[in-house]
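Listed here are the chains, written in short residue letters.
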Amino acid sequence: MALAFYQVAQKGAAANTHINLLRQTDGDWTSVSDVEGLSTDIERVVFGDLDGDGIEELMAGWSIYNNRDQQLHVYSLAGDTITPLSTDNVYTQLFVGDVTSSGRDDLLLMRLEGNNVTTARLKGLQDGQLVEKGAVRLDGYINQFGTVQMGRLADGIQGVYIDALKDANTTITELVYWDHGRLNAPFYDTSKNITSATARSSWPPGTSTPTAGWRFPCATGCPVITKPRTPRKPCG
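Residues numbered from 1 in each chain as written. Predicted model: local features only at pLDDT ≥ 70, side-chain atom pairs only at ≥ 80, totals over all residues. Heavy atoms only, no water.

So, about the environment of Q24. In this structure, Q24 sits in strand β2 (residues 17–25). As a C-alpha pair, Q24 and M1 span 23 residues in sequence and 6.5 Å in three-dimensional space. (Helix = DSSP H or I, 4+ residues; strand = E, 2+ residues; numbered from the N terminus.)

It is worth spelling out the sheet that holds strand β6 (residues 70–76) at this point. A sheet is described by the order of its strands in space; here 4 strands give the open sequence β4-β5-β6-β7, paired in antiparallel fashion. Edge positions in the open sheet fall to β4 (42–48) and β7 (83–91), since each of these has one partner strand only. Here the average twist between neighbouring strands, direction ignored, is 20°. (Pairing = 2+ DSSP bridges. Axes fitted to C-alpha atoms, helices over the stretch in contact; angles between N-to-C directions.)

Glancing now at the confidence of the model for the protein chain. Mean pLDDT for the protein chain: 87, with 86% of residues reaching 70 or above. Within the protein chain, strand β15 (residues 182–184) carries the highest mean pLDDT (98), whereas β7 carries the lowest (90). Overall, residues 205–210 carries pLDDT values under 50, and its contacts beyond four positions in sequence, including any with other chains, amount to 6 contacts. Scored below 50 in pLDDT, residues 216–236 makes 36 contacts in the model with residues more than four places away or belonging to other chains. (pLDDT = per-residue confidence, 0-100. Contact = heavy atoms within 4.5 Å.)

Across the sheet, 3 strands lie side by side as β1-β2-β3; this open sheet has antiparallel pairing. Every interior strand has two partners, whereas the edge strands, β1 (2–7) and β3 (28–36), have only one. Geometrically, the sheet is characterised by an average inter-axis angle of 30° between neighbouring strands, direction not taken into account. Pairing analysis gives 8 bridges linking β2 to β3, with the strands arranged antiparallel. From the neighbouring strand, L21 faces β3, where its bridge partner is S33.

Summed over all chains, the structure comprises 10 salt bridges. E43 serves as the salt-bridge partner of R44, at 2.8 Å between the closest nitrogen and oxygen. We classify R44 as partly exposed; its relative accessible area is 22%. A salt bridge links R111 to D69; the shortest N-O distance between them is 3.8 Å. Taken together, the residues R111 in strand β9 (residues 106–114) and D69 in the loop between β5 (57–62) and β6 connect sequence positions 42 residues apart. When salt bridges that share partners are traced, they join R68, D69 and R111 into one network. (Salt bridge = Lys/Arg side-chain N within 4 Å of Asp/Glu carboxyl O. Buried < 20%, exposed > 50% of the residue type's maximum accessible area, 1.4 Å probe, protein only.)

Right, dumping it as structure tokens:
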């Protein structure tokens, strides 16, 4: 199986991008399904088994709003057919992985919603539709999301670490994890609408990732953070 993304040339207007599903038979590739997308541009394409049936769903982020927000479409590829499942989710950054340790993938949608409101919403596929499992607030002064990575916090608990830029001089890392049927963001200070525990000076472009040198020990509660030492300048 293969996927192709293409546009049909037309005069006077840009054509929306199509998604085409191809199947190889006796050495020849044949188109078996085709759908027209929402816009000319796709911000990203990711795959994940959201319903646990062993067949990965296709998730395409369409650029239709601005250079920050994208609209997410989830497509089923079962039965050699591209079938839209969910089309009404907007995100600024997303992550796909088994956040709930359930044996199936989840969607974590992060969004800068405006008015100093930043959210992370955990969603899963149920009866062909995305349903929200939980939501948390993040630092309300985030301007841009960076790297998102998942790692083990404790037995049966996965943590999602989200690097984010607040301004030209400040980077933070948010932690989001699922425990006892609830989504948690322990670094976020609800009283101040900020995350200060992981704040540090932003690193220049082209250097290692912002979380390099920071240690986040495994813990069920709020993890302890160990800040790296400032490197000393060589003598001479």
